[in-house]
Amino acid sequence: KKGEEAGQKKLKRWLQMPGWLVVTCVKGADDNNNGDFNDPTSLAREDYAACCCAVQNLCLSLHSQGIGTKWTTGPVNFDPKFAEAVGFDAEEEYTVGTLWFGTAVGSSPSPPNKRLAIEGTFTKVE
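Residues numbered from 1 in each chain as written. Predicted model: local features only at pLDDT ≥ 70, side-chain atom pairs only at ≥ 80, totals over all residues. Heavy atoms only, no water.

Novice: Hey, could you go over the overall build of the protein chain for me, with residue numbers and the actual values?
Specialist: Within the protein chain, the secondary structure is distributed over 4 helices and 3 strands. Start at the N end of the protein chain and walk to the C end: the helices and strands fall as α-β-α-β-α-α-β. Of all intrachain contacts in the protein chain linking residues separated by at least 6 positions in sequence, the fraction that spans at least 24 positions is 71%. Here the protein chain displays about 9,800 Å² of accessible surface, and carbon together with sulfur accounts for 56% of that area. (Helix = DSSP H or I, 4+ residues; strand = E, 2+ residues; numbered from the N terminus. Contact = heavy atoms within 4.5 Å. Areas by Shrake-Rupley, 256 points an atom, 1.4 Å probe, with all protein chains shown as cover.)

Take a look at the structure:
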């Protein structure tokens, strides 16, 4: 799926999106990425998680206003040319994801009627 033809298909699809927003996270000052991202106690991981929570809250807010969203990531988001194309400095920030948004064509889908019981969702560990 790589190459010029694949790139043109992706560009055509992206240009058809009613709106899109690139979400980035600022890199830390103490090193190139706020510490070791693989360390669960690092600021890098905390910053990334905070960005992800903000994106989810934005999606929920837009949904409450009848706007649909899709949060997407892929190799194109992490290509050095991507940062330049969308206007951020890859030395200072990194991509968290791209959010596509718009109103549904036709009627919006109804929410599911059935909710899972707590017994089927959580496991108690003793």
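Novice: Give me the nonpolar core: which residues, what numbers.
Specialist: One broad trend across soluble globular proteins is that nonpolar side chains are buried collectively. Ranked by size, the top nonpolar core spans 9 residues in total: Val23, Cys25, Cys51, Cys52, Val55, Cys59, Tyr94, Val96 and Leu99. Sorting the residues of this core by element identifies strand 1 (19–26), helix 2 (43–64) and strand 3 (93–102) as the ones contributing at least two each. A per-element tally of this core places helix 2 first, with 4 residues. In this view, Leu99 contacts Gly19, Trp20, Leu21, Val55, Leu58, Cys59, Thr69, Lys70 and Trp71; residues no more than four positions away in its chain are not counted. Listed in part, the 5 residues of the second largest apolar core include Phe82, Ala83, Phe88 and Trp100. (Core = buried A, V, L, I, M, F, W, Y, C linked by side-chain atoms within 4.5 Å. Buried < 20%, exposed > 50% of the residue type's maximum accessible area, 1.4 Å probe, protein only.)

Novice: Could you give an account of the sheet that holds strand 1, naming the residues involved and the relevant values?
Specialist: Spatially, 1-3-2 is the arrangement adopted by the 3 strands of the open sheet, whose pairing is antiparallel. This sheet does not close on itself; its edge strands, each paired only once, are strand 1 and strand 2 (68–72). Adjacent strand axes in the sheet meet at a mean angle of 25 degrees, parallel and antiparallel pairs treated alike. Looking at chain direction, strand 2 and strand 3 are connected through 5 bridges and run antiparallel. Paired with Thr72 across the strands is Thr98, a residue of strand 3. Helix 2 contacts strand 1, strand 2 and strand 3 of the sheet and is inclined by roughly 10 degrees relative to strand 3. (Pairing = 2+ DSSP bridges. Axes fitted to C-alpha atoms, helices over the stretch in contact; angles between N-to-C directions.)

Novice: Pulling in residues and values, what's your account of the pattern of salt bridges?
Specialist: What the rule picks out here adds up to 1 salt bridge. Two residues, Lys9 and Glu5, come together in a salt bridge whose shortest N-O distance is 3.7 Å. With Lys9 and Glu5 both in helix 1 (residues 4–15) and 4 residues apart, the pair spans about one turn of that helix. Like Lys9, the residue Glu5 is exposed in the burial classification. (Salt bridge = Lys/Arg side-chain N within 4 Å of Asp/Glu carboxyl O.)

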